[in-house]
Amino acid sequence: MKAWLVHHLHSLRIALRRFQSAPLASLFTVLVIGVAVALPAGLYMLLDNLDRAAGGITPQAEITVFLKREADADRGQALARELQARADVASARFVSKQEGIDKLVAAGLSDITAGLPDNPLPHAVVVTPRDTSPAALQALGEHLAQSEGAERVLMDTEWIKRLSALMDLGRDLVFMLSVLLGLALAAITANTIRLQIYAQRDEIEVARLIGATDRFVRRPFLYFGGIQGLAGGLTGGALVALGSRLLERSVEQVATAYGAEFVLSGIDLPTLLALLALSTALGWLGAYFSVGQALRQVEQG
Amino acid sequence: MIELSGVTKRYPGGHEALSDVNLTIGQGELVFLTGHSGAGKSTLLKLVAAIERPTTGNIIVNSQNVGRLKRAALPFFRRNIGLIFQDHKLLYDRSVFDNVLLPLHIQGFTGHDAAKRVRAALDKVSLLKKEKVRPITLSGGEQQRLCIARAIVSRPALVLADEPTANLDEAYARDIMDMFRAFNEVGVTLIISTHDQSLITRYGGRTVHLAYGKLVQ
Ligand SMILES: Nc1ncnc2c1ncn2[C@@H]1O[C@H](COP(=O)(O)OP(=O)(O)O)[C@@H](O)[C@H]1O
Ligand SMILES: [Mg+2]
């Protein structure tokens, strides 16, 4: 147990010494890994924020049900009560044709309304849905269109569908980018390790000749790869944090311009930890494959 | 302890370095392996240490069939053998002490006990005063002695030395041969390859002669 610990500490020391012996090259590699980590992580963070921003707006999605001309106010009020009772409806409010005209007048369109001989507006029921996912809206919309006295259903929800589709696309993009850049990270590590192995090939050969196991040879490189991945992950996290700090002000300005209050949030701790674990694991994996390949080559002479 | 039967080694490219070699070496023997340059001395030692595999034939060392050893078993097999290479294979980026420590380290010995054994080995080859220097600053004879220290530090029962006295002057060569004799006297089996006939006549012992890859009786 103690010998085992001493061994690991020794391997760790060797790995750290290798960083020290080429500080500039190590720094660049870590920076490259950092960028590879920051790209998907940053995009993920932006999506997360967008999701939150969209979430703040969507409850205001409204569906207006215009009633048939022959339907009277009683029918409209009954429908509003009926709909109010539904589980997927947050609120349903009856808007009479008179109220409709009043709204237009209030909106400064009295010139138009004054010229009308008769009130052309139908009665209406304005429904606020509880669930704003496109599928739920679709279902509710279909139900509304079939309810008694309904003439036409106006759903101001196209943009929600579009946004939702865009978010899905964004998530797919983050996933693809993560896979690609994860591979890049492992490849970068494998390459730096390959160069190191080349510099250490005498040592590897001698160690093998006098009875070193693969594990013994591999361990310092694994530490190196893992540490490099971890450092890259930290750099990536720092880059994202820096980026969000830079964006913070402009996001605030945009939000204020729209009369909204919105604070950009950075990566949360669990996400950051997952990020670090992943970049460490990928660095370790890159090293593992690289050393495995080198060991087989040494054996062949 | 070592038994070669019908061993042939053909290198990629078709060159036959050893042809149908049959040889038995008992525990505690001191054997000189002689022959012209290119006779196959190094090849024979490499086969015994499982650094190369025979093309045909069997090599039994400590009742293990060396040619059939799995890759994972090789390290543990080699730990029983002290190897002294023709080209030294020292690590020049670390101290004399650390070079000798490496085999112990590989076998999991660390700390105080390991340091004691390293110093004992360095003492045997009279390099104790140079433990902190880099091998590059050592003379040819000293580098050879460092190789010996590294080979014996883990107290192997079998030592294979490939031309350990080549490029050394008389006095140095005699030093090293005396060392080997001392190891042999405490029971270590040694196979020493050399093409220095005068050395053999002085020290006697069993001689195995190779010529063009064949044993000559
Ligand atoms: N790795 C190798 N590949 C091809 N031929 C080799 C290799 N090693 C040795 N040989 C050839 O095998 C023959 C025996 O070599 P070696 O065992 O080194 O002889 P010695 O040690 O007696 O000088 C030589 O002709 C040499 O050129
Ligand atoms: Mg030779």
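Up top is the structure these notes are about.
This write-up is about the structure you can find in this document. Computed from a predicted structure; not experimentally measured. (Residues numbered from 1 in each chain as written. Chains lettered and ligands numbered in written order. Predicted model: local features only at pLDDT ≥ 70, side-chain atom pairs only at ≥ 80, totals over all residues. Heavy atoms only, no water.)

On to the overall build of chain A, then. From N to C terminus, chain A includes ten helices and four strands. When the helices and strands of chain A are listed from N to C terminus, the series reads α-α-β-α-β-α-α-β-α-β-α-α-α-α. Relative to the compact-globule value of 19 Å for 301 residues, chain A shows a C-alpha radius of gyration of 31 Å, a clear excess of over 25%. For chain A, the C-alpha atoms occupy an extent of roughly 105 × 35 × 35 Å along the three principal directions. Across the 301 residues that make up chain A, the buried fraction comes to 39%. The contacts in chain A between residues at least 6 apart in sequence include a share of 82% that link residues at least 24 apart. (Helix = DSSP H or I, 4+ residues; strand = E, 2+ residues; numbered from the N terminus. Rg over C-alpha atoms; globule rule 2.2 N^0.38 Å. Buried < 20%, exposed > 50% of the residue type's maximum accessible area, 1.4 Å probe, protein only. Contact = heavy atoms within 4.5 Å.)

Bound to the magnesium ion (ligand 2) are the protein donor atoms S42 of chain B (OG) and Q86 of chain B (OE1), situated 2.0 to 2.5 Å from the metal. Of this pair, S42 of chain B sits in helix α1 (residues 41–48) while Q86 of chain B sits in the loop between β6 (81–84) and α3 (96–106), placing them 44 residues apart in sequence. (Donors = N, O, S within 2.8 Å, 3.2 Å for Na, K, Ca; no water.)

This part is about the environment of K9 of chain B. All names here are of chain B. Positionally, K9 belongs in strand β1 (residues 2–10). Classification of K9 by relative accessible area gives buried; the value is 7%. Along the primary structure K9 and Y92 are separated by 83 residues, whereas in three dimensions their C-alpha atoms are 32 Å apart. When residues no more than four places from it in sequence are discounted, the contact partners of K9 are H15, E16, A17, L18, T43, L47, E52, R53, P54 and T55. Reaching out from K9, the side chain makes a polar contact with the side chain of E52 at a distance of 3.5 Å. Of the polar contacts made by the side chain of K9, one reaches the backbone oxygen of R53; its length is 2.9 Å. (Polar contact = N/O pair within 3.5 Å; in protein donor to acceptor, adjacent residues only side chain to side chain.)

Attention now moves to the pattern of salt bridges. Under the criterion given, the structure shown has 20 salt bridges over all chains. A salt bridge links R71 of chain B to D214 of chain A; its shortest N-O distance comes to 2.7 Å. Here the residue R71 of chain B occupies a position in the loop between β5 (64–65) and α2 (74–78), and D214 of chain A occupies one in helix α9 (residues 214–257), the pair thus bridging two chains. Look at R71 of chain B and you get partly exposed, because its relative accessible area is 28%. Note that E248 of chain A is salt-bridged to R245 of chain A, the shortest N-O span being 3.9 Å. Taken together, the residues span about one helical turn, with E248 of chain A and R245 of chain A both in helix α9 at a distance of three residues. For E248 of chain A, a relative accessible area of 29% puts it in the partly exposed group. Put simply, R75, E82 and E148 of chain A are held in one network by salt bridges that share partners. (Salt bridge = Lys/Arg side-chain N within 4 Å of Asp/Glu carboxyl O.)

Turning to the site of ligand 1, a few remarks are in order. All names here are of chain B. Taken together, Y11, H15, A17, H36, S37, G38, A39, G40, K41, S42 and T43 make up all the residues around ligand 1. Here an oxygen atom of ligand 1 sits 3.0 Å away from a polar atom, N or O, in the main chain of G40. With respect to ligand 1, the side chain of S42 contributes an N or O atom lying 2.7 Å from an oxygen atom. Relative to its free-state accessible area of 560 Å², ligand 1 is covered by the protein chains to the extent of 65%. The greatest single-element share of the shell around ligand 1, amounting to three residues, is contributed by α1. Classifying every residue of the shell around ligand 1 gives three nonpolar, seven polar and one charged. (Near = heavy atom within 4 Å. Areas by Shrake-Rupley, 256 points an atom, 1.4 Å probe, with all protein chains shown as cover. Nonpolar A, V, L, I, M, F, W, Y, C, P; charged D, E, K, R; others polar.)

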